[in-house]
Amino acid sequence: MKIAILPGDGIGPEITAQAVKVLDALGEKFETETADVGGAGYAAHGHPLPAHTLALAKEADAVLFGAVGDFKYDNLERALRPEQAILGLRKELGLFANLRPAILYPELAGASTLKPEVVSGLDILIVRELTGDIYFGKPRGVRECPDGPFKGQREGFDTMRYAEGEIRRIAHVAFQAARKRGKRVTSVDKANVLETFQFWRDVMIDVHKEYPDIELDHMYVDNAAMQLVRAPKKFDVVVTGNMFGDILSDAAAMLTGSIGMLPSASLDANNKGLYEPSHGSAPDIAGQGVANPLATILSAAMMLRFSLDRAEQADRIENAVKSVLAQGLRTPDIYEQGTTRVGTSQMGDAVVRALA
Ligand code: NAD
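Residues numbered from 1 in each chain as written. Predicted model: local features only at pLDDT ≥ 70, side-chain atom pairs only at ≥ 80, totals over all residues. Heavy atoms only, no water.

Spelled out, the test is: UniProt positions are given in the numbering used here, feature names are shortened, and annotations may be inferred rather than shown by experiment.
Under an unreviewed UniProt entry, the chain has the name 3-isopropylmalate dehydrogenase and belongs to Massilia terrae. The UniProt entry for the chain carries the following comment under Subcellular location (unreviewed entry): "Cytoplasm". According to the UniProt record, the Subunit (unreviewed entry) comment for the chain reads "Homodimer."

Next up, the structure:
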């Protein structure tokens, strides 16, 4: 089993180091190889996704990714910005399904900005389509406005589109995930306004015929945003397009108190995947040893479960994380009075100890 480790920028190297420490402590023989990506890739090799990094990601059985991005790269042309590495990896590896669990550990119920009774015991899974939608649709650009009251002025434009096959494959991922959980899927769309999402809804209904054991309902994205903060426990699996999923998954992240707790998986058609925390490179705290490594450690657990067929080892890691939270250990982002404040590396060490 070969794992590509791509630490990236900001807190990326600090948090991936903790996940590697935990993987090393499992007593399994994983081959790991590390490569530069994002700003680190640009600084060392002139490109955010250097050719050898991409080759390593393709050859490996799974990729463990830290985070990329730094404000110092904001003035680079778009193709050279660190974030392009993620888009490039998704495209080159055919990663079309992004799975983001939002679980609220009972110990952290007080860390959420919502009332504990609204979020305690929360366990939802957001399945976001990753390769289509307005983020990739062409044509796009800035042009002279061809019509309407602003005719002749410059206008920015993008194209929202979804092919039937794209919707079908993400629908299957969602229904199959629901089968292993609460057997309910909510498909989030904007079918009342957008043709693309009326089509999305029609295809979802069609694929659902293959899953009579799963309940399917539909919700407009504006209502879904409201329900996520009003009564988030109503959801089991939420499936949606690239842009709505981008926004809703960050909202769901905050239900759990800290973005530093949330892992994610991006899978291809064969369950090979890229695993990364849901947060970014947090340049504001980089190098201070205070970043929460648990999202990355839990991403490594997802990697063991989905790509490396090691569900028992994934359980061990997840139980070890529960155990350190129960011991009262907290990085500053989840610290509350009465708990013990620890740094990034101490948190990693505590998870390793809890594995035993
Ligand atoms: P961010 O997620 O990096 O940070 C948002 C806030 O959350 C910050 O206050 C940060 O300190 C905090 N935070 C994030 N992760 C944390 C952790 N593990 N522990 C404790 N606190 C944590 O988002 P941002 O500030 O909007 O973006 C910073 C950079 O990251 C930008 O360059 C952005 O483009 C990039 N980014 C990268 C990814 C990715 O690599 N997948 C995702 C989002 C943003």
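## Some points on helix H11 (residues 311-326)
This is how the line gets drawn: Counting from the N terminus, the helices are the DSSP runs of H or I reaching at least four residues and the strands are the DSSP runs of E reaching at least two. Helix span is expected to be 1.5 Å times the residue number reduced by one. When a residue's accessible area, from a 1.4 Å probe over protein chains only, is under 20% of the maximum for its type it is buried; when over 50% it is exposed; and in between it is partly exposed. Taken from the helix axis, the directions to the C-beta atoms give the arc we talk about.
Its 16 residues place the ends of H11 22 Å apart at the C-alpha level, agreeing with the 22 Å of an ideal helix rising 1.5 Å per residue. Buried within H11 we find Gln313, Ala314, Ile317, Ala320, Val321, Val324 and Leu325. The buried residues of H11 all sit within an arc of 140° when viewed along its axis, so they share a single face. Of the exposed residues in H11, those oriented more than 90 degrees away from the buried face are Glu312 and Ala326.

## Describing the site of the ligand
Basically, it comes down to this: We define proximity as follows: a residue is near a molecule or strand when any one of its heavy atoms falls within 4 Å of that partner. Polar contact is defined as a pair of N or O atoms within 3.5 Å, subject to the rule that within protein one atom must be able to donate a hydrogen and the other to accept it, and that residues adjacent in sequence are counted only when both atoms are side-chain atoms. A 1.4 Å probe and the Shrake-Rupley method give the accessible areas. Residues count as covered only by the protein chains that appear here. Polar here means any residue other than Ala, Val, Leu, Ile, Met, Phe, Trp, Tyr, Cys and Pro, which are nonpolar, and Asp, Glu, Lys and Arg, which are charged; Gly is therefore polar.
As a structural note, the neighbourhood of the ligand is formed by 20 residues, with Val68, Glu83, Gly280, Ala282 and Asp284 the closest of them. One nitrogen or oxygen atom from the side chain of Ser281 is found 3.1 Å from an oxygen atom belonging to the ligand. In isolation the ligand exposes 800 Å². Once the protein is present, 69% of that is buried. Within the shell around the ligand, the residues separate by chemical class into 9 nonpolar, 6 polar and 5 charged.

## Some points on the domain arrangement of the chain
What counts here: Domain delimitation follows an automatic or database domain assignment. By definition in these notes, contact holds between two residues if any of their heavy atoms fall within 4.5 Å. Buried area adds together the accessible area that both of two parts lose upon being put together, with accessible area traced by a 1.4 Å probe. By salt bridge we mean one thing: a side-chain nitrogen of Lys or Arg within 4 Å of a carboxyl oxygen of Asp or Glu.
Splitting the chain by domain gives domain 1 (1-95 + 269-356) and domain 2 (97-267). Each of domain 1 and domain 2 has a C-alpha centre, and the two are 23 Å apart. Facing the 29 residues of domain 1 at the interface are 23 residues of domain 2. Between domain 1 and domain 2, the buried area comes to about 2300 Å², and carbon and sulfur atoms account for 63% of it. Considering only the surface of domain 1 that becomes buried against domain 2, Leu95, Ser278 and Met302 emerge as the three largest contributors, covering 25% of it. Here domain 1 and domain 2 share 0 salt bridges between them.

## Section: the pattern of salt bridges
One pass over the structure, following the stated rule, counts 20 salt bridges. Arg168 is the partner of Glu164 in a salt bridge, and the nearest nitrogen-oxygen pair spans 3.1 Å. Highlighted residues: Glu164 and Arg168, both in helix H6 (residues 164-179), separated by 4 residues, approximately one helical turn. Of the residues examined, Arg168 reaches a relative accessible area of 23% and is grouped as partly exposed. One network of salt bridges, in which partners are shared, links Lys2, Glu31, Glu33 and Glu59.

## Topic: the environment of Ala51
Relative to the helices and strands, Ala51 is located in helix H3 (residues 51-59). Along the sequence, Ala51 and Gly41 sit 10 residues apart, while their C-alpha atoms lie 9.9 Å from each other.

## Brief notes about the environment of Arg154
Counting through the fold element by element, Arg154 comes out in strand E7 (residues 154-157). Assessed through its relative accessible area of 74%, Arg154 is described here as exposed. C-alpha separation for the pair Arg154 and Val142, spaced 12 residues apart in sequence, amounts to 6.6 Å. Excluding residues that lie within four positions of it along the chain, Arg154 makes contacts with Val142 and Arg143.

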